[in-house]
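Structure assessment
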Amino acid sequence: MLIKIIKQPVFNSFSLIADRLNTEFNKLKDVYSISVDFTHKSLGKSDFTILIQAFDVLLNYKIDKERDGTIVCMDISDTDMVGEKVADILNKNCDVIITPSNWSQFGLVRGGVTAPIYVVPNPISLVKPVQHERNVGIYLSMNSEQFHRKGSDIALDVISKLDLPWIVKQYSPFVEVKFSKPVKQVGLIENIEDYLKQISAFVMLSRGGAFEMPAWEAYCSGAIPIVTSHPIFSELPAVFIKSRYTYIFLPPHLAPLHVGGGYEPDINDAVDKIKYVWDNPDKFSHLFKRREQLCERMSPPNVAKTML
């Protein structure tokens, strides 16, 4: 079986997923896989072509069914409904769509996607539970396209209200942020293990998106996840923050692509929950009773086999 994986020519979560899948596909018997970005000029025939993230790749890559075989599109809905443009492009080009959560599948279908959709989790980096350092990790996206959707404004507010040893996982190392308290910052981490070993709890306050990967990776390492009460986290054993359904603000060029809503965490409840977890970490051991079973399902080898 010959597989081409076409990705974006930048480092992001999608390119990370592409590289993890490519590595695992090539470990399987009778499978040969390559992973290239959409600027690559000389691509041979393949049985399957996997596009990650499909919508953005399809804006730059012209499908040739004779060359590319079955078109498998990995994509997400950042809200509970994608826009007409997203649905139209996916329906015209994709034989099969793979998305990482039931929430994302709902948003694609509700927006008019009619191609077959399968829910397959993202391949996460599995870090065996370790004796974590006593720090709190928090996700902060400084990308202007993600700032509101990923709840970065709420994260900054939470940091200002709690005197804790914060370690901020930033989307970009090139953006300067002025924090009201001293924090340790990390950027695009090549070795996620180094980050996970430093935190005993992980906070992710997303309003939208379908990328629950950082929260799952923290959970699988043994760190306590504290997250928005959002359907993207419905299978994650976590501490959930009270949240309300809300419209998700996107920049003008992205607003037509994801037209639905998401869930906004309550700032006061977030502060209370984080403080309680910090003061009482031993009360949350029950969250990890099914850790091994849940995390193994999301391991890169299992995800690759599920996709095949």
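Residues numbered from 1 in each chain as written. Predicted model: local features only at pLDDT ≥ 70, side-chain atom pairs only at ≥ 80, totals over all residues. Heavy atoms only, no water.

All right, on to the overall build of the chain then. Looking only at helices and strands, the chain has 11 helices and 14 strands in total. Computed over its C-alpha atoms, the radius of gyration of the chain comes to 19 Å, within 12% of the 19 Å expected for a compact globule of 308 residues. Projected onto its principal axes, the C-alpha positions of the chain cover 60 × 40 × 35 Å. Sorting the 308 residues of the chain into buried and exposed places 56% on the buried side. Considering only intrachain contacts with a sequence separation of at least 6, the fraction spanning at least 24 residues in the chain is 63%. Total accessible area on the chain stands at roughly 14,000 Å², and carbon and sulfur atoms take up 52% of it. (Helix = DSSP H or I, 4+ residues; strand = E, 2+ residues; numbered from the N terminus. Rg over C-alpha atoms; globule rule 2.2 N^0.38 Å. Buried < 20%, exposed > 50% of the residue type's maximum accessible area, 1.4 Å probe, protein only. Contact = heavy atoms within 4.5 Å. Areas by Shrake-Rupley, 256 points an atom, 1.4 Å probe, with all protein chains shown as cover.)

In this section: unusual backbone geometry. In this structure, the amide linkage connecting I52 to the following residue, Q53, adopts the cis form with an omega of -20°. The residue Q53 is located in the loop between β3 (48-52) and α2 (54-58) in this model. Positive phi values are uncommon outside glycine, yet D30 reaches one of about 65°. Looking at where D30 falls in the secondary structure, it is placed in the loop between α1 (13-25) and β2 (32-37). Judged by relative accessible area, D30 falls into the exposed class, the value being 61%.

If charged atoms from side chains of opposite charge come close, those side chains can pair. Within the structure shown, the criterion is met by 18 salt bridges. With a closest N to O distance of 3.2 Å, K92 and D88 form a salt bridge. Linking K92 with D88, this pair stays in helix α4 (residues 84-93), spanning four residues, or about one helical turn. Note on K92: relative accessible area 65%, which makes it exposed. In this structure, E264 and R244 form a salt bridge, with 3.3 Å as the shortest nitrogen-oxygen distance. Taken as a pair, E264 in strand β14 (residues 261-265) and R244 in strand β13 (residues 243-247) lie far apart in primary sequence, 20 residues in all. (Salt bridge = Lys/Arg side-chain N within 4 Å of Asp/Glu carboxyl O.)

All right, on to helix α6 (residues 152-161) then. Inspection of α6 places S152, I154, A155, V158 and I159 among the buried residues, and these make up the whole buried set. For α6, the buried positions fall inside an angular range of 155° around the axis, keeping them on one side. Looking at the packing, one finds that the buried side of α6 touches β7 (136-140), β8 (166-170), β14 and α9 (267-279). (Arc of directions from axis to C-beta.)

What follows concerns the sheet that holds strand β4 (residues 70-74). Across the sheet, which stays open at both edges, the six strands sit in the order β2-β1-β3-β4-β5-β6 with parallel pairing between neighbours. Where the open sheet ends on each side, the last strands, each with one partner, are β2 and β6 (117-119). Here the strands of the sheet are splayed against their neighbours by 20° on average, with no regard to which way each runs. Two elements, strand β1 (residues 2-7) and β3, share five bridges in a ladder whose sense is parallel. Residue pairing for β3: I3 is matched across the bridge by F48. Against the sheet, helix α5 (residues 102-110) engages β5 (96-99) and β6, with an angle of about 165° to β6. (Pairing = 2+ DSSP bridges. Axes fitted to C-alpha atoms, helices over the stretch in contact; angles between N-to-C directions.)

On the basis of which strands lie adjacent, the open sheet formed by six strands has the order β9-β8-β7-β10-β11-β12 and parallel pairing. Only two strands of the sheet have a single partner each, and these edge strands are β9 (184-186) and β12 (239-241). For this sheet the average axis-to-axis angle between neighbouring strands, irrespective of direction, equals 20°. Of the pairings in the sheet, the one linking β7 to β8 comprises five bridges and is parallel in character. Each residue of the ladder has a partner; that of L140, found in β8, is Q170. Packing against the sheet, helix α8 (residues 213-220) makes contact with β7, β10 (201-204) and β11 (224-228), and its axis sits at approximately 170° to β10.

Next up on the list: the packing of aromatic side chains. Inspection of every chain in the model, using the stated rule, returns six aromatic pairs. For the pair Y195 and F202, a centre-to-centre distance of 6.5 Å together with 85° between the ring planes defines the contact as edge-to-face. Accessibility classification places Y195 together with F202 in one group, the buried group. Ring geometry for Y219 and F288: centres 5.1 Å apart, planes at 10°, overall stacked. Placement of Y219 in helix α8 and of F288 in the loop between α9 and α10 (291-297) is noted, with a sequence separation of 69 residues between them. Classification of Y219 by relative accessible area gives buried; the value is 0%. One aromatic cluster in this structure is built from W103, Y245 and Y263. The ring of W278 carries the charged tip of R134 above its face, separated from the ring centre by 3.8 Å. (Phe/Tyr/Trp six-rings, centres within 6.5 Å; stacked < 30°, edge-to-face > 60°. Lys NZ or Arg CZ within 6 Å of the ring centre and 35° of its normal.)

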